[in-house]
Amino acid sequence: MKSKYEFIIDGIPGVGKGPILDLVAGSFTGGTAVLFTYPLDLVRTKLAYQVVGSQKLNIQGFVSGEQVYKGIKDCFSKTYKEAGIKGLYRGVAPSLYGIFPYAGLKFYFYEKMKSHVPKERKNDITIKLACGSVAGLLGQTFTYPLDVVKRQMQLE
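Since the model is a prediction, treat every value here as computed from it, not as a measurement.

Cut-offs and rules
- Residues numbered from 1 in each chain as written.
- Predicted model: local features only at pLDDT ≥ 70, side-chain atom pairs only at ≥ 80, totals over all residues.
- Heavy atoms only, no water.
- Helix = DSSP H or I, 4+ residues; strand = E, 2+ residues; numbered from the N terminus.
- Buried < 20%, exposed > 50% of the residue type's maximum accessible area, 1.4 Å probe, protein only.
- Contact = heavy atoms within 4.5 Å.
- Areas by Shrake-Rupley, 256 points an atom, 1.4 Å probe, with all protein chains shown as cover.
- Phe/Tyr/Trp six-rings, centres within 6.5 Å; stacked < 30°, edge-to-face > 60°.
- Polar contact = N/O pair within 3.5 Å; in protein donor to acceptor, adjacent residues only side chain to side chain.
- Core = buried A, V, L, I, M, F, W, Y, C linked by side-chain atoms within 4.5 Å.
- pLDDT = per-residue confidence, 0-100.
- Salt bridge = Lys/Arg side-chain N within 4 Å of Asp/Glu carboxyl O.

*Asks:* Can you break down the overall build of the chain residue by residue, with the values?
*Replies:* Looking only at helices and strands, the chain features five helices and two strands. For the chain, buried positions account for 33% of its 156 residues. Across the chain, the fraction of contacts at a sequence separation of at least 24, relative to all contacts at a separation of at least 6, is 65%. On the chain, roughly 10,600 Å² of surface is accessible, and the fraction owed to carbon and sulfur atoms is 66%.

*Asks:* Lay out the packing of aromatic side chains with the relevant residues and their values.
*Replies:* Taken as a whole and assessed by the stated rule, the structure comprises four aromatic pairs. Judged by centre distance (6.1 Å) and plane angle (75 degrees), the rings of phenylalanine 28 and phenylalanine 100 are edge-to-face. On the criterion of sequence distance, the pair formed by phenylalanine 28 in helix α2 (residues 19-53) and phenylalanine 100 in helix α4 (residues 92-115) is long-range, its members being 72 residues apart. For phenylalanine 28, a relative accessible area of 53% corresponds to the exposed category. Centroid distance tyrosine 108 to phenylalanine 109: 5.6 Å. Interplanar angle 55 degrees. Geometry classified as tilted. With relative accessibility at 22%, the residue tyrosine 108 sits in the partly exposed group. Cluster of aromatic residues (ring-pair linked, three or more members): Tyr108, Phe109 and Phe142.

*Asks:* Outline the side chain of threonine 143, listing residues and values.
*Replies:* Note on placement: threonine 143 falls in helix α5 (residues 125-155). Using a relative accessible area of 9% as the deciding quantity, one classes threonine 143 as buried. Of note is the side chain of threonine 143, whose polar atom sits 2.9 Å from the backbone oxygen of glycine 139.

*Asks:* Lay out the nonpolar core with the relevant residues and their values.
*Replies:* Counting eight residues, the largest nonpolar core is built from Val34, Tyr38, Leu42, Val92, Leu96, Ile99, Tyr102 and Ala103. Put simply, the parts of the chain that give this core at least two residues each are α2 and α4. Broken down by element, this core gets its largest block of residues, five residues, from α4. Counting residues in hydrophobic clusters, the runner-up holds six residues, among them Tyr110, Val117, Ile127 and Ala135.

*Asks:* Outline the confidence of the model for the chain, supporting the account with residue identities and numerical values.
*Replies:* Looking at the chain as a whole, its pLDDT mean stands at 80, while 78% of the residues score no less than 70. Mean pLDDT across the elements of the chain bottoms out in strand β2 (residues 63-65) (47) and peaks in helix α3 (residues 72-88) (92). Low confidence marks residues 57-64, where pLDDT is under 50. Its contacts with residues over four positions away, or in another chain, come to eight contacts.

*Asks:* Explain the pattern of salt bridges to me, using residue names and the numbers behind them.
*Replies:* Using the criterion set out here, one finds four salt bridges in the structure. A salt bridge links aspartate 41 to arginine 44, with the nearest nitrogen and oxygen atoms 2.6 Å apart. In this pair, aspartate 41 and arginine 44 are both assigned in helix α2, three residues apart and thus about one turn of the helix distant. With relative accessibility at 47%, the residue arginine 44 sits in the partly exposed group.

Below you can see the structure in the form of structure tokens.
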């Protein structure tokens, strides 16, 4: 039976096992996830901003609440009608620029930390949880500025 690495190793000659493979595998996995889930992230951002940004003072000093979207379906529908598929993927480039290094680094750090765990503890869920948590923290720390740019582009 083939290992989890053999598909990539066979497809990309010269990569071999190690940190490069971990970075590439993590990056492509993260990029694929972003492409499938990005429209949901965009709608979430628009709906959240609508709630925070909707309270504007009118001329008399009263707060008026403008609700642009009635819900998730309405937001999808209006966004699609305004700009098509392109509108549902507005701001996806910074997300991809951010997820490739984030997911790659996270996967690399996770595998690196797991390699230092004694063999008898490798299947311990608390060890996996600790390695995953620290790997996620390190990956996010390095790539957070790109997430800020993505949110700004989504709201344009």
